[in-house]
Amino acid sequence: MMEVIAALCLGILIGSITTAVALQYRHNKTGYQQIVSFYEEKIRRLKEKYEQERQDISQSIRVPSEIQVSQIPKTEVSRIPQKSSNSTQSAKTYSIKEIRKTYPRAYKTWDLAEDERLKHRYKQGIAIRDLASEFQRKPGAIRSRLKKLGLRK
């Protein structure tokens with residue numbers, strides 16, 4: 001009789017454990033599916049936001065003045081944003097050609113070697129006007145580059 005009671009108790013125990021595990025698995029599976037659904041929705045929204053921002057940026061890009069409208073296919077001309085008639089932008093009051101007579105490298109891209117040389121010379125205590133002369137760039141460009149390199153505030 002003891003063996004029967006032990007077998008029954010063992011059966012009840014095994015059944016209870018199996019049921020608990022099954023319920024826990026079902027609960028976790030549902031929770032997992034909810035988490036996956038939550039993140040899938042979040043990813044979908046981020047993709048939509050990215051696409052909208054990409055479209056906004058592409059619509060706001062200005063065509064450089066060097067490009068003639070005649071060089072652009074007609075299908076693309078209609079996509080070029082037009083300046084509004086009440087625009088507060090003023091025409092340039094300077095000429096790059098004129099500036100380059102004094103500073104030949106004005107408005108040109110900085111390369112890594114120039115950056116390193118500028119850092120070294122600035123740390124030596126060379127004045128901004130002297131650096132401008134040495135690098136053939138405007139003093140404002142020197143100050144701006146030093147700020148970008150983290151050497152000035």
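Computed from a predicted structure; not experimentally measured.

1. What to know about the packing of helix α4 (residues 112-123) against helix α5 (residues 128-135)
Turning to step 1, where the next piece is worked out: Put simply, α4 and α5 touch, their axes get as near as 11 Å, and they point 150 degrees apart. In terms of their interaxial angle, α4 and α5 are classed as roughly antiparallel. Seen along the crossing, α4 lies across α5 with a hand that is right-handed. Two secondary-structure elements touch here, α4 through Glu-114, Arg-117, Leu-118, Arg-121 and Tyr-122 and α5 through Ile-128, Leu-131, Glu-134 and Phe-135.
Turning to step 2, where the next piece is worked out: Its residues placed into classes, the contact of α4 with α5 shows five nonpolar, no polar and four charged.

2. What to know about the side chain of Glu-114
Turning to step 1, where the next piece is worked out: With respect to the helices and strands, Glu-114 occurs in helix α4.
Turning to step 2, where the next piece is worked out: Accessibility expressed as a relative area gives 8% for Glu-114, which makes it buried.
Turning to step 3, where the next piece is worked out: One polar contact links Glu-114 to Arg-105, side chain to side chain, over a distance of 3.1 Å.
Turning to step 4, where the next piece is worked out: In this structure Glu-114 touches Arg-105, Thr-109, Phe-135 and Arg-137, once residues within four positions along its chain are discounted.

The rules we used
Residues numbered from 1 in each chain as written. Predicted model: local features only at pLDDT ≥ 70, side-chain atom pairs only at ≥ 80, totals over all residues. Heavy atoms only, no water. Axes fitted to C-alpha atoms, helices over the stretch in contact; angles between N-to-C directions. Helix = DSSP H or I, 4+ residues; strand = E, 2+ residues; numbered from the N terminus. Parallel < 35°, antiparallel > 145°, perpendicular 65-115°, else oblique. Left-handed = near helix turned anticlockwise from the far one by under 90°. Contact = heavy atoms within 4.5 Å. Nonpolar A, V, L, I, M, F, W, Y, C, P; charged D, E, K, R; others polar. Buried < 20%, exposed > 50% of the residue type's maximum accessible area, 1.4 Å probe, protein only. Polar contact = N/O pair within 3.5 Å; in protein donor to acceptor, adjacent residues only side chain to side chain.

These figures capture arrangement, not role.
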